Amino acid sequence: MSFSVMPNRILTTEEITRYHEDGVVMIKGAIDPNWVKLIEAGVERARDEMSMVGRFMSRKTRGYQMDIFLWKRIDELRDAIYYGPFAHWAQQLMGSNEVRFFYDQMFVKEPGTDAPTPWHQDLSFWPIRGEQITSFWIPLDPVTRESSGLMYVRGSHRWPQRFKAISPDYVAAIIDEKMDDIPDINANPERYELLDWVMEPGDILMFHPLTLHGSHGNMHRTRRRRALALRWTGDDVVYAPTRKRMPIHYRHSSTVGGGLQGAAFPRILPAHEPTERLARRLPESPAFGRVLASGWHNFMSSMTMKTRGIQAQQLKQTWTQPKALSGDPAGSREQIR
Ligand SMILES: O=C(O)CCC(=O)C(=O)O
């Protein structure tokens, strides 16, 4: 039996077509305010109780906080994932019978935090393969391009390239030198069709894991920019870890080339797997040995990059403050967009 509540409304055929054609769709006012409040409470708690991995990934810029697998220790987020409406939308978009939860991730940029999210494709650093994968991005504050609303390159999920994974702090361990270099999109914006939206809490972005996306820092002087991403997988997804993919620090029973399985990737639809749900009754910490091993691997990867003469600097992208805000009092753009 499924305990995941039915959404207020299912996605229309047009919205599903837009998702498949553009690689992203924004659904206005989709999330009931109660779920938004629960997620907000969860993200606030996650900010106060950052994991070791999160602290490491957020260490370089003041005002920036990113963390993953929050639901393993934050009950509000576990409940939103297990019992919220999200898995039903993922099922529709992926055209999948089974829906598993892959992981969650928070992105917080306090007012004035100059921390762009570089353009990237998610799938190029995930330890999974398949077509039936989707991500949701849920803002908890109003966002515009200037306050770090996400931007997408329309249709880029259909491009043949697989780009080097550039994370906000240029984590060396996931940069696969065999992959293509990401073009400097902001330096040549006329070559790309960029999509972005003015969003409010309650709105949601749904996007394909190969669609190029990124965001500016938060140029707003007073408004925070907090967001939660939820990642979902379907029937055709297999576990495909390599040395250059994001490590999984939690227990699971997936085997290479087989489907995702076990408590790290719980089945939500068509029905919960009772043993997976029971495994997450109490808060869980990542396996210390695995975290240590990935810290070491990251250190070795950055040393290797250095000895080969590759500087993270070379992979840097042009991210300048959006022109529209220069000289504007912060906040005034929202009225005129
Ligand atoms: O919120 C951001 O700036 C980044 C979000 C993102 O890259 C993602 O959800 O995949």
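Basis of the calculations
Residues numbered from 1 in each chain as written. Predicted model: local features only at pLDDT ≥ 70, side-chain atom pairs only at ≥ 80, totals over all residues. pLDDT = per-residue confidence, 0-100. Contact = placed C-beta atoms within 7 Å. Pairing = 2+ DSSP bridges. Helix = DSSP H or I, 4+ residues; strand = E, 2+ residues; numbered from the N terminus. Axes fitted to C-alpha atoms, helices over the stretch in contact; angles between N-to-C directions. Core = buried A, V, L, I, M, F, W, Y, C linked by C-beta atoms within 7 Å. Buried ≥ 20, exposed ≤ 12 C-beta atoms within 10 Å, placed from the backbone. Near = placed C-beta within 6 Å. Nonpolar A, V, L, I, M, F, W, Y, C, P; charged D, E, K, R; others polar. Left-handed = near helix turned anticlockwise from the far one by under 90°.

## Considering the confidence of the model for the chain
Logical step 1: Taken over all residues, the pLDDT of the chain has a mean of 90, while the share at 70 or more is 93%.
Logical step 2: In this model residues 324–337 is a low-confidence stretch, pLDDT under 50, and it forms 17 contacts with partners more than four residues away in sequence or in other chains.

## Digging into the sheet that holds strand β4 (residues 117–120)
Logical step 1: Read from one edge to the other, the open sheet built from 4 strands follows the order β4-β10-β7-β8, with strand pairing classed as antiparallel. Lying at the two open borders of the sheet, with one neighbouring strand each, are β4 and β8 (194–196). Pairs of neighbouring strands in the sheet enclose a mean axial angle of 25 degrees, with direction left out of account.
Logical step 2: Examined bridge by bridge, strand β7 (residues 151–153) and β8 share 3 bridges and lie antiparallel to one another. Counterpart to Met-151 in the pairing with β8 is Asp-196.

## Digging into the nonpolar core
Logical step 1: Counting 80 residues, the largest nonpolar core has Ile-138, Leu-205 and Met-206 as its most contacted members.
Logical step 2: With 7 residues, the top contributor of residues to this core is strand β3 (residues 99–109).
Logical step 3: Among all residues touching Met-206, those that are not within four sequence positions of it are Tyr-19, Val-24, Val-25, Ile-27, Trp-89, Leu-93, Thr-134 and Phe-136.

## Comments concerning the pairing of β3
Logical step 1: With respect to burial, β3 is a largely interior element, 10 of its 11 residues being buried.
Logical step 2: Where strand β2 (residues 64–68) meets β3, 5 bridges bridge the pair, whose relative direction is antiparallel. Opposite Gln-65, over in β3, you have Val-108 as the bridge partner.
Logical step 3: In this structure, β3 lies alongside strand β13 (residues 267–269), joined through 2 bridges in antiparallel fashion. Bridge assignment links Arg-100 to a residue of β13, and that residue is Arg-267.

## A short note on unusual backbone geometry
Logical step 1: Cis peptide bonds are those with omega within 30 degrees of zero, and the linkage from Leu-269 to Pro-270 qualifies with 5 degrees.
Logical step 2: Its place among the elements puts Pro-270 in the loop between β13 and α6 (274–279).
Logical step 3: One non-glycine residue with positive phi stands out, namely Ser-148, at about 80 degrees.
Logical step 4: Residue position: Ser-148 is located in the loop between β6 (133–139) and β7.
Logical step 5: Using a count of 28 C-beta atoms within 10 Å as the deciding quantity, one classes Ser-148 as buried.

## A short note on helix α4 (residues 75–83)
Logical step 1: Looking at α4, one finds that the buried residues are Leu-77, Arg-78, Ala-80, Ile-81 and Tyr-82.
Logical step 2: Tucked into the core, α4 has its buried residues touching α2 (33–48), α5 (86–94), β3, β11 (225–233), β13 and α6.

## Points about the site of the ligand
Logical step 1: Around the ligand, the neighbouring residues are Phe-107, Thr-117, Asp-122, Ser-135, Trp-137, Leu-150, His-213, Ser-215, Ala-227 and Ala-229.
Logical step 2: Here the residues of the shell around the ligand are counted per class, giving 5 nonpolar, 4 polar and 1 charged.

## Details of the packing of α2 against α4
Logical step 1: Contact pair α2 / α4: the axes reach a minimum separation of 7 Å and the direction vectors enclose 145 degrees. Crossing of α2 over α4 shows left-handed handedness. Here Trp-35, Leu-38, Ile-39, Ala-41, Gly-42 and Arg-45 of α2 come into contact with α4, specifically with Glu-76, Leu-77, Asp-79 and Ala-80.

## Digging into the environment of Gln-321
Logical step 1: Looking at the secondary structure, you find Gln-321 in the loop between α7 (288–307) and α8 (333–336).
Logical step 2: Through-space distance from the C-alpha of Gln-321 to that of Pro-116 is 9.5 Å; in sequence the pair is 205 residues apart.

## Side note on the environment of Leu-123
Logical step 1: Within the secondary structure, Leu-123 is located in the loop between β4 and β5 (128–129).
Logical step 2: For the pair Leu-123 and Gly-149, spaced 26 residues apart in sequence, the C-alpha to C-alpha distance is 21 Å.
Logical step 3: Not counting residues within four places of it along the chain, the set of residues in contact with Leu-123 comprises Ile-133, Pro-209 and Leu-210.

## Focus: the pairing of β6
Within a regular beta strand, the side chains point alternately toward one face of the sheet and then the other, so they alternate between its two faces.
Logical step 1: The element β6 is extensively covered by neighbouring structure, given that 7 of its 7 residues are classed as buried.
Logical step 2: Direction of pairing for β6 relative to β11: antiparallel, over a ladder of 7 bridges. Bridging across to β11, Pro-139 finds its partner in Ala-227.
Logical step 3: Bridge analysis of β6 against strand β9 (residues 204–207) gives 3 bridges, and the strand direction is antiparallel. Residue pairing across strands places Ser-135 opposite Phe-207, the latter belonging to β9.

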